[in-house]
Amino acid sequence: MTEYGDTKFEFFLPMGGGTDSGPSLAHVTMSHNFESDPRIKAAVYKGNSKSFVLVNIDITTHCGRFDMGASKVESFLGNEYSDVTAIYGMAQESVFRDPRQCCYSIIRMLRNFKLSNAVHVRLRKQLGEANYNFLRSNEILADDGSPVTYLVAASIIAVQGMYDTLEALGPGGELDERGLGHVTASVCLNKEGQEDRLLLCAKGTVFKSQMTVQGLGTDATLYTAKIVTDAVTGGDVVQLTYAGSDDMEIHTKTYDPPLQKKDEYGSSELYPSPKKGDGLKEGGVSKPSPKKKPLRLF
């Protein structure tokens, strides 16, 4: 928030997109905007017994789109493409420049991984070993033959970042019982002159010990793609599908509520504080619980 209580946008730009650390992103966001200012928190919570705090975060990666036309382009697996709509993973961002690989960090991580490169290590970890091995040796094509391998990699990294951030906000305890977290995952398509360049991948919320997500998942083998006509611009755009379905089902899962301090702002029945018997001890100390695997709803 600003000094006047208005919303303030913050940007974190890790190389290769996604997020350096979902827990750190969630913590810094809450610290900068709410938790570090008890007067604002008191004003919000005391002003209305049913008030809550909304945190919106977008995890973004990017991928180039190069319209083929009469061009012939060789893919990273050595396949030559012509008569397809576009190459995803290349971009010509100016008429004065030749097409280039994009996102270069993700592409080089897949094609020439270096353990000494911290960006490569982070992106490979977020992509997952199974996806890393699959995308290195397999090319994913849209229904018209356009290669979308790098686009799938960028999407998975964004979705994984969304999950990591949701888990930090909810199960990780960055939000209290009156906090609502909304996190989205998207890919920005680098293409000169294209009006709508944002590809929405997934969205999720955490609130009152419940995580709800909708969108693409994190298994590269379940991705397919097709080229469709944009209803607004009339141009050709890519549409990613997951697990063989165009319909994005809503998945919901509950988690143990994080330990909260005694509510000093008067929670209402709509947003109750944890009660004795909910696995908590009096005095604000919880029983140690075994380490749980990260929530994955897909």
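Small disclaimer: the values here were computed from a predicted structure and weren't measured.

Caption draft 1: Broad picture of the packing of aromatic side chains. In the structure shown here, the tally under the stated rule is three aromatic pairs. Ring centres of Phe 113 and Tyr 132 lie 6.1 Å apart, and the angle between their planes is 70 degrees; this geometry places the pair in the edge-to-face category. With a gap of 19 residues between them, Phe 113 in the loop between helix H3 (104–111) and helix H4 (118–127) and Tyr 132 in helix H5 (residues 129–137) connect regions that are remote in the sequence. With a centroid separation of 5.2 Å and an interplanar angle of 75 degrees, the aromatic rings of Tyr 223 and Tyr 242 are classed as edge-to-face. Here Tyr 223 is found in strand E10 (residues 223–229), whereas its partner Tyr 242 is found in strand E11 (residues 236–242), with 19 residues between them in sequence. The ring of Phe 113 has Arg 124 sitting right over it, with the charged end atom 4.5 Å from the ring centre. Arg 124 extends its terminal NZ or CZ atom over the ring of Tyr 132, reaching a point 3.9 Å from the ring centre.

Caption draft 2: Layout of the sheet that holds strand E12 (residues 250–254). The six strands are arranged E4-E1-E7-E8-E9-E12 in an open sheet whose pairing can be described as mixed. Edge positions in the sheet fall to strand E4 (86–88) and E12, since each of these pairs with one other strand and no more. For this sheet, the mean angle separating the axes of adjacent strands, direction not counted, is 20 degrees. Inspection of the sheet shows strand E9 (residues 210–215) paired to E12 by five bridges, in the antiparallel sense. Paired with Gln 214 across the two strands is Ile 250, which belongs to E12. Against the sheet, helix H6 (residues 149–169) engages strand E1 (53–67), E4, strand E7 (179–190), strand E8 (198–207) and E9, with an angle of about 165 degrees to E7.

Caption draft 3: Inspection of the packing of H3 against H6 at higher detail. In the contact formed by H3 and H6, the axes pass within 10 Å of each other and the chain directions differ by 105 degrees. Taken together, H3 and H6 sit at an angle that is classed as roughly perpendicular. For the pair H3 and H6, the contacting residues are Ile 106, Ile 107, Leu 110 and Arg 111 in the first and Tyr 150, Ala 153, Ala 154 and Ile 157 in the second. For the contact of H3 with H6, the residue count by class is seven nonpolar, no polar and one charged.

Caption draft 4: View of the nonpolar core. Of all hydrophobic cores here, the largest spans 58 residues; its most connected members are Tyr 88, Ile 106, Leu 110, Leu 127, Val 148, Leu 151 and Met 162. The element best represented in this core is H6, accounting for 14 residues. In this structure, Tyr 88 is in contact with Cys 63, Gly 64, Arg 65, Pro 147, Val 148, Tyr 150, Leu 151, Leu 189, Ile 227, Val 237 and Val 238, ignoring residues within four places of it in sequence.

Caption draft 5: Fine view of the pattern of salt bridges. This structure, assessed with the given rule, holds two salt bridges. The partner of Arg 65 in a salt bridge is Asp 67, and the shortest N-O contact between them spans 2.7 Å. With relative accessibility at 7%, the residue Arg 65 sits in the buried group. Of the charged contacts in the structure, one is a salt bridge between Glu 129 and Arg 124, with a shortest N-O distance of 2.7 Å. Note on Glu 129: relative accessible area 41%, which makes it partly exposed.

Caption draft 6: Quick peek at the environment of Lys 41. With respect to the secondary-structure elements, Lys 41 resides in helix H2 (residues 38–47). Between the C-alpha atoms of Lys 41 and Val 53, which are twelve residues apart in sequence, the distance is 8.9 Å.

Caption draft 7: Focus on H4. The buried fraction of H4 amounts to seven of the ten residues, a majority that puts the element mostly inside the structure. Of the residues making up H4, those classed as buried are Val 119, His 120, Arg 122, Leu 123, Arg 124, Gln 126 and Leu 127. Looking at the buried positions of H4, the neighbouring elements they touch are H3, H5 and H6. Two to three positions downstream of the cap, the backbone nitrogen of Val 119 sits 2.9 Å from a side-chain oxygen, assigning the N-cap of H4 to Asn 117.

Caption draft 8: Inspection of unusual backbone geometry at higher detail. Here the phi dihedral of Ser 209 falls at roughly 65 degrees; this positive angle occurs in a residue that is not glycine. Relative to the helices and strands, Ser 209 resides in the loop between E8 and E9.

Calculation criteria
Every chain's residues receive numbers from 1 upward, in the order its sequence appears when written. The predicted origin of the model limits local features to residues at a pLDDT of at least 70 and limits the giving and counting of side-chain atom pairs to 80 or more, whereas totals for whole chains, interfaces and linings rest on all residues. Think of the side-chain values as coming from all heavy atoms in the structure, minus any hydrogens and water. Geometry of aromatic contacts follows a simple scheme: Phe, Tyr and Trp rings, the Trp one being its six-membered ring, pair when their centres are within 6.5 Å, and the pair is stacked under 30 degrees between planes, edge-to-face over 60, tilted otherwise. For helices the rule is a DSSP run of H or I covering at least 4 residues; for strands it is a run of E covering at least 2, with both sets numbered from the N terminus onward. By the criterion adopted, a ring carries a charge over it if an Arg CZ or a Lys NZ lies within 6 Å of its centre and within 35 degrees of its normal. Between any two strands, pairing holds if DSSP finds at least two bridges. Helix axes are fitted to C-alpha atoms over the stretch in contact, other axes to C-alpha atoms as well, and angles between N-to-C directions run from 0 to 180 degrees. Any two residues whose heavy atoms approach within 4.5 Å are treated as being in contact. Should an angle fall under 35 degrees it is called roughly parallel, over 145 degrees roughly antiparallel, and 65 to 115 degrees roughly perpendicular, with every other angle called oblique. For this scheme, ten residues count as nonpolar: Ala, Val, Leu, Ile, Met, Phe, Trp, Tyr, Cys and Pro. Four count as charged, namely Asp, Glu, Lys and Arg, and the remainder, Gly too, count as polar. Here, nonpolar core refers to any group of buried Ala, Val, Leu, Ile, Met, Phe, Trp, Tyr and Cys residues whose side-chain atoms link them within 4.5 Å. Buried means the residue's accessible area, taken with a 1.4 Å probe over protein chains only, is under 20% of the maximum for its type, while exposed means over 50%, and partly exposed covers the values in between. Any Lys or Arg side-chain nitrogen found within 4 Å of a carboxyl oxygen on Asp or Glu counts as a salt bridge. Counted as a polar contact is a pair of N or O atoms within 3.5 Å, where, for protein atoms, one must be capable of donating a hydrogen and the other of accepting one, and residues adjacent in sequence contribute only when both atoms are in side chains.

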